[in-house]
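Commentary on secondary and tertiary structure
So you can see what is in the structure, the chains are spelled out below.
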Amino acid sequence: MSRRALRRLRGEQRGQEPLGPGARHDHASRGGTEREGNRGSEGGSALTINIEDLEEGPVLNGERPECLLTGNRRRSQSGGADAKKAGEMAGKAAPPEQSNISGKLRKKKKKQKNKKNTTGEILENGLEDIDRLLERIEDASGFCPPPSHPAPADTETLYTELKRYFGARAVLGEQRPRQRQRVYPKCTWLTTPKSTWPRYTKPGLSMRLLESKRGLSFFAFEHSEEYQQTQHKFLAAVESMEPNNIVVLLQTSPYHVDSLLQLSDACRFQEDQEMARDLVERALYSMECAFHPLFSLTSGTCRLDYRRPENRSFYLALYKQMSFLEKRGCPRTALEFCKLILGGVLEPDEDPLCMLLLIDHLALRARNYDYLIRLFQEWEAHRNLSQLPNFAFSVPLAYFLLSQQADLPEQELSSAREQASLLIRQALTMFPGALLPLLEYCSVRPDAAVATHSFFGPDAEISQPPALSQLVSLYLGRSHFLWKEPATMSWLEENVREVLRAVDSGDPAVEACESRRKVLYQRAPRNIHRHVVLSEVKEAVAALPPDVTTQSVMGFDPLPPLDTIYSYVRPERLSPVSHGNTIALFFRSLLPNYTMEGERLEAGGAGGLNHNQGLNRLMLAVRDMMANFHFHDVEAAREDNPEGDGEWD
């Protein structure tokens, strides 16, 4: 600490040095005389500090010994003797008036010790006691033995006064080494670590480079042996259907990704959106900390194979984070996450989560019409985006909304309006079964000519293939509110009438679209089913085929690929009743808590029940089961209703 800072701590200011010949010789002598005079004028302090211990040693000519002065410790040993002699000479050369003043000040100090301190004296005298304590702290690190420390209550009071006068930075300087030892979180792109999270330690998750070919680098997440054991425990916890088991697992492994994702779904079902979002962010942070040094989110040349179970967690964490951002009213950020999943670092050709069914919705919500139009123009040739109902309706809507902007030239507005009308007519011709459900979602009553027409009537919705019905339900359940504007409805009504005229006139494009519908939409691929499960749109989930709805769908891995590439296999678990007799299996199916004597002994339990006790427990279980049976009295029901409900024709 500099001399200026020490002078500020002691309350000294420039121009307050004592006058006299002694002031020309030594700074230490001058400081000691001034401090002694201040003590005499101000009196004692109300702070409970042992002043007698601080005043050990004689006071000679207004000076303290070297071990009690702060300035003496800063001097070099070569100049210490000369300075001391100069101080003695200054004391001898002092005039008698100055010595008389010092004597009066000491007498005044003794008188004021017997008086009660007021509130103003507490604040003023506290500074002098602070000066003494600082001297003791500095002397403790120097040549003199350290003095006794104040009581904890006194230290707290002292620190409070120090903060009021000099600020926390000057007072808490001794605690800075502890702050330097704090572990700062790693800076990440996908999420920001929070102070409420557990301290991050590597959970055993890493990433390795598999191969590089054709300018692309293929990576894969890798699980260590410890992480594999945690994964096995997680699968056992999921099979138990008890979320508390996952909570217990996260207490020992707070950054296990699949546990965080699964528990996030459980919190979301319980309407705890904040905790669900926090768990997903923690999962993203854990995976980003495991990135390979060559793995980049923005290069567009890195790939993660969805067929590997270790990579799927990253896909699902990104998707869930994107969903939370959309629900929070951040569609532009959600659109960037969607771009990342679709074509940033993952698999734009395979699209395992079928993000093409969602990106148009986010682009419209973010009012990024130019991006949606450009994506449609560039990908239509090789991806046939016009065959998806969401793109068939969203792109003309983007053109129409773009034509409503007043800051564009008149020529561009007219061109966008014409393109919007052309594309919406093609969409209505290709997907006529989407019109009436859309009007119903928007609470608009259709015209009688439209509702009764064979092309747009109820038959159009019933006759379309199941896969197409699923895609239409997904789009309308997610984006119907974008069509509720009066201007949009008026524009849609105009084009519906134009399509009806074309149908009545026998346009060949109508028959061509009908034949394409029958051929293209026989069955939806597995990635579309996976997207429907993740979207949780009720109308689309209800349209899933039975072979999908009968499967057990897990939130951490919904509908895994049939050609999954496993890097390690979960060990088989032998059930304790797999080798039991038929009676034991029967009672196990009726009473899950029932345990046979042999099973308990094989599990390692000591002091098991004897055979008679096991039979008694079995009989009690059977009696309890029979007591819960309730039989319906058919004869009584007939007496209550003798005429019956009538006969079936």
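Residues numbered from 1 in each chain as written. Predicted model: local features only at pLDDT ≥ 70, side-chain atom pairs only at ≥ 80, totals over all residues. Heavy atoms only, no water.

Concerning unusual backbone geometry
In this structure, E271 is a non-glycine residue whose phi angle is positive, near 65°. By the element assignment, E271 lies in the loop between α13 (257-269) and α14 (273-288). Exposure remark for E271: the relative accessible area of 62% places this residue in the exposed category. Here E536, not a glycine, exhibits a phi torsion of approximately 60°, which is positive. Relative to the elements of secondary structure, E536 occurs in the loop between α27 (526-535) and α28 (538-542). When its relative accessible area of 39% is taken as the criterion, E536 is described as partly exposed. (Helix = DSSP H or I, 4+ residues; strand = E, 2+ residues; numbered from the N terminus. Buried < 20%, exposed > 50% of the residue type's maximum accessible area, 1.4 Å probe, protein only.)

Thoughts on the sheet that holds strand β1 (residues 205-213)
In a beta sheet, neighbouring strands are held together by backbone hydrogen bonds and run either parallel or antiparallel to one another. Overall, mixed pairing links the three strands, which are arranged β1-β2-β3 in an open sheet. Each end of this open sheet is capped by a strand with a single partner; those strands are β1 and β3 (302-304). In this sheet, adjacent strand axes meet at a mean angle of 35° when their direction is disregarded. With eight bridges connecting them, β1 and strand β2 (residues 216-223) associate as antiparallel partners. Residue pairing across strands places K213 opposite L216, the latter belonging to β2. The strands touched by helix α15 (residues 309-327) within the sheet are β2 and β3, with β2 carrying the most contacts at an inclination of about 100°. (Pairing = 2+ DSSP bridges. Axes fitted to C-alpha atoms, helices over the stretch in contact; angles between N-to-C directions. Contact = heavy atoms within 4.5 Å.)

Structural notes on the pattern of salt bridges
All told, the structure shown has 18 salt bridges when counted by the stated rule. With a closest N to O distance of 3.2 Å, D278 and K194 form a salt bridge. Placement of D278 in helix α14 and of K194 in the loop between α10 (176-180) and β1 is noted, with a sequence separation of 84 residues between them. The buried category is assigned to D278, whose relative accessible area is 12%. One salt bridge in this structure joins D557 and R312, with 2.7 Å as the shortest N-O distance. Of this pair, D557 sits in the loop between α29 (546-549) and α30 (582-590) while R312 sits in helix α15; the two residues are 245 residues apart in sequence, bridging distant segments of the chain. Considered together, D557 and R312 belong to a single accessibility category, that of buried residues. Each member of the salt-bridge network shares a partner with another, and the members are D265, R268, K320 and E536. (Salt bridge = Lys/Arg side-chain N within 4 Å of Asp/Glu carboxyl O.)

What to know about helix α20 (residues 410-430)
Taking 1.5 Å per residue, 21 residues should reach 30 Å; α20 reaches 31 Å between its end C-alpha atoms and fits that length. Taken together, the buried positions of α20 are L413, A416, A420, S421, L423, I424, A427, L428, T429 and M430. (Expected span 1.5 Å × (residues − 1).)

Concerning the packing of aromatic side chains
The tally for this structure, following the rule as stated, stands at 17 aromatic pairs. Between F219 and F295, the aromatic rings sit 5.2 Å apart at their centres with planes inclined by 90°, giving edge-to-face as the arrangement. One end of the pair, F219, is in strand β2; the other, F295, is in the loop between α14 and β3, and 76 residues separate them in sequence. Look at F295 and you get buried, because its relative accessible area is 8%. Each ring, one from F393 and one from W483, has its centre 6.3 Å from the other, and the planes form 75°; the classification is edge-to-face. In this pair, F393 sits in helix α19 (residues 389-403) while W483 sits in the loop between α24 (466-479) and α25 (486-504), placing the two residues 90 residues apart along the sequence. Judged by relative accessible area, which is 4%, F393 ranks as buried. Here the aromatic residues F219, F221, F291, F295 and F314 are joined through ring pairs into a cluster of three or more. Here the basic side chain of K213 rests over the ring of F218, its NZ or CZ set 5.6 Å away from the ring centre. The cationic tip of R282 hangs over the ring face of Y255; the distance from NZ or CZ to the ring centre is 5.9 Å. (Phe/Tyr/Trp six-rings, centres within 6.5 Å; stacked < 30°, edge-to-face > 60°. Lys NZ or Arg CZ within 6 Å of the ring centre and 35° of its normal.)

Notes on the packing of helix α18 (residues 369-383) against α19
Packed helices, taken two at a time, are described by their axes: the angle between them and the distance between them. Relative orientation of the contacting elements α18 and α19 amounts to 135°, with a least axis distance of 9 Å. Considered as vectors, α18 and α19 are oriented oblique to each other. When the axes of α18 and α19 are compared, the crossing they make is left-handed. Note on element contacts: α19 touches α18 through F391, S394, V395, A398, Y399, L401 and L402, opposite Y369, D370, L372, I373, L375, F376 and Q377. (Parallel < 35°, antiparallel > 145°, perpendicular 65-115°, else oblique. Left-handed = near helix turned anticlockwise from the far one by under 90°.)

Description of the confidence of the model for the chain
In this model, the chain carries an average pLDDT of 75, and 59% of its residues clear a pLDDT of 70 or more. Counted against residues more than four places away or in other chains, residues 574-580, with its pLDDT under 50, gives six contacts. Predicted confidence for residues 631-649 stays below pLDDT 50, and this span has one contact to residues more than four positions away or in other chains. (pLDDT = per-residue confidence, 0-100.)

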